[in-house]
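Geometric and topological summary
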Amino acid sequence: MCIRLEHTSAGHNKFYEMQFIQSKNRIAVRGLYGAIGQAPNETTIYDGNDEMEALVQLKKKQLEKLKKGYVIVSQNDKATPAETITPKTNDVPAIWPMNAQGVKGDDHLQALLNDDNYVAQEKLDGMRAVIHITKDGLRIFSRSAGVADPTMPLEKTSALPHLAALTFPSLVGTVLDAEILIAGKDCAELSGAMHRKDVGSDNRLVTAFVFDIIRLGGVSVTGKTLEERITLLETVQSRLQSEHIVFLPWAKSASDKRALYESLLDSGKEGIMLKRLDATYVEGGRPSNNWFKDKKSATFDCVVLGFSKGAGKYNTLVGAVIFGQYRNGKLIQLGQASGMNDSTRSLMSRYPEQYLGRVAEIKGMERLKSGSIRHPQFVRIRTDKQPSDCQWNEHEQ
């Protein structure tokens, strides 16, 4: 079953799609939502084995959206087989990639750049991918769990046929850690290509940028240091030649790391990764000193348009600020941001009318082509700015 609702009245341009996914022993209801024409966000509405409860939760969500002004634009009452959402993956191991800590301020960044035990690479603006080299070709998995089987990462192989077709017989069993991206496209556009049911022309432009190795010939190398794994990567690179696969270079000396960092800033790239040479690889972990990431960010002055309800411990309070900016004289909603402290959240919840129409400083990584702010966070209410100062200018995407 698949029900798609859209809300296009009163300046809205949103959709919410519910998918009823059924396998032999499991039922899930997945929600896809966001701006029409943009990459969707994903949530799980129900996950279990009670078909009646799954239908109740689906209809409950449908009613909730109808009350908010959404209308049903399409409906298919046939249950979606789980295999069409998450391909069977029991013949390859479930591998969750290691994650990085954020750099703790400029002093910490400078110390890492000067530390000979840390090497650097460009931080790419793409999608994390764990690549399994099998006898039949490459299989590509994300770092997110599949809805139909949360014990396995979500497989993206079918969306990338040009990568899936590559075979490297001498490297079967090898698993690589990588980032996939499309030149000239941001992560939202890449995500949209990965979520489409049909394989578009953009999908075939995806390149895999390899930066680490998890297994070699079926044998785990996670217990080896990064310095040892770099040597293994050099060996693999000599045996894995393809225009669709790039091995990300390393900057090792302090001068080379600083030059890389400055060039990335000058060219407006995503950021830099700093990795400890004597550190092992911790699958699915976020060790305190192994990898660090420093990402670019910017602040945007925005008008407070409203609030969304909180969840969990904030379910009786404001969850996020809905914000927008003026473009060509029209106030446009651009997203919502949380991150306020408990005191500010409490005041917004008690006196929302005192915040509506005021200027909020929103911090985010960048502005996307859609105008929305990537990873927005509320910083503060500004008293030195007027709503008319909150402009989305043409040169900002």
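Note that the structure is predicted; figures quoted are calculated from it, not measured.

Before going further, it helps to spend a moment on the overall build of the protein. Tallying secondary structure elements over the protein gives 7 helices and 22 strands in all. Judged by the C-alpha coordinates and their principal axes, the protein covers about 60 × 55 × 40 Å. Residues counted as buried form 49% of the 397 residues belonging to the protein. By sequence separation, contacts in the protein at least 24 residues apart represent 65% of the contacts at least 6 residues apart. Summed over its atoms, the accessible surface of the protein is roughly 19,400 Å², and 49% of this surface lies on carbon and sulfur atoms. Positive and negative side-chain charges of the protein, numbering 52 and 47 respectively, have mean locations separated by a distance of 5 Å.

Okay, the sheet that holds strand 20 (residues 330-337) next. If you walk across this open sheet you meet the 5 strands as 20-19-18-21-22, and the pairing is antiparallel. The two strands at the open ends of the sheet, each matched to only one other strand, are strand 20 and strand 22 (377-382). For this sheet the average axis-to-axis angle between neighbouring strands, irrespective of direction, equals 45 degrees. Strand direction decides the pairing type here: strand 19 (residues 318-327) and strand 20, joined by 7 bridges, are antiparallel. Counted as the bridge partner of Gly-324 is Gln-333 from strand 20. Running at roughly 80 degrees to strand 19, helix 7 (residues 342-350) makes contact with strand 18 (298-309), strand 19 and strand 22 of the sheet.

With that settled, the discussion passes to the pattern of salt bridges. Tallied over the full model, the rule gives 14 salt bridges. For Asp-212, the salt bridge is made with Arg-229, and the minimal N-O distance between the two is 2.8 Å. Here Asp-212, found in strand 13 (residues 207-216), pairs with Arg-229, found in helix 5 (residues 226-239); they are 17 residues apart in sequence, far enough to count as distant. Here Asp-212 matches Arg-229 in class, with each residue buried. Across the pair Arg-382 and Asp-301 runs a salt bridge, and its minimum N-O distance is 3.1 Å. Of this pair, Arg-382 sits in strand 22 while Asp-301 is found in strand 18, placing the two residues 81 residues apart along the sequence.

This paragraph deals with the sheet that holds strand 16 (residues 271-276). Strand order in the open sheet made by the 4 strands is 7-17-16-8, with mixed pairing throughout. What marks the edges here is a single partner per strand, and that holds for strand 7 (101-102) and strand 8 (118-123). Relative to strand 16, strand 8 runs antiparallel, the two being bridged by 6 bridges. Bridge pairing links Tyr-118 to Arg-276 in strand 16. Together, strand 8, strand 16 and strand 17 (291-295) form the strand contacts of helix 6 (residues 254-266), whose direction differs from that of strand 8 by roughly 20 degrees.

Let's shift gears to empty space enclosed by the protein. One pass over the full model with this rule turns up 1 cavity of 30 Å³ or more. The space that makes up the largest cavity amounts to roughly 50 Å³. As for the largest cavity, its lining consists of Tyr-261, Leu-264, Leu-265, Lys-269, Glu-270, Gly-271, Ile-272, Asp-294, Lys-295 and Lys-296. Among the secondary structure elements, those contributing two or more residues to the lining of the largest cavity are helix 6, strand 16 and strand 17. Per-element tally for the lining of the largest cavity: the top contributor is helix 6, with 3 residues. Here the residues of the lining of the largest cavity are counted per class, giving 4 nonpolar, 1 polar and 5 charged.

With that settled, the discussion passes to the confidence of the model for the protein. Across the protein, the average pLDDT comes to 86, with 90% of residues at or above 70. In this model, residues 81-89 is a region of pLDDT below 50 whose contacts with residues beyond four sequence positions or in other chains number 23 contacts.

It is worth spelling out unusual backbone geometry at this point. Of note, the phi angle at Asn-328 is positive, near 55 degrees, even though the residue is not glycine. Its location among the elements puts Asn-328 in the loop between strand 19 and strand 20.

About the criteria used
Residues numbered from 1 in each chain as written. Predicted model: local features only at pLDDT ≥ 70, side-chain atom pairs only at ≥ 80, totals over all residues. Heavy atoms only, no water. Helix = DSSP H or I, 4+ residues; strand = E, 2+ residues; numbered from the N terminus. Buried < 20%, exposed > 50% of the residue type's maximum accessible area, 1.4 Å probe, protein only. Contact = heavy atoms within 4.5 Å. Areas by Shrake-Rupley, 256 points an atom, 1.4 Å probe, with all protein chains shown as cover. Lys, Arg positive; Asp, Glu negative; His and termini not counted. Charge placed at Lys NZ, Arg CZ, Asp CG, Glu CD. Pairing = 2+ DSSP bridges. Axes fitted to C-alpha atoms, helices over the stretch in contact; angles between N-to-C directions. Salt bridge = Lys/Arg side-chain N within 4 Å of Asp/Glu carboxyl O. 1 Å grid on protein atoms, 1.4 Å probe; cavity = no way out; pocket = protein on both sides within 12 Å on 5 of 7 lines; lining within 4 Å. Points joined across faces, edges and corners; volume = space filled by probe spheres on them. Nonpolar A, V, L, I, M, F, W, Y, C, P; charged D, E, K, R; others polar. pLDDT = per-residue confidence, 0-100.

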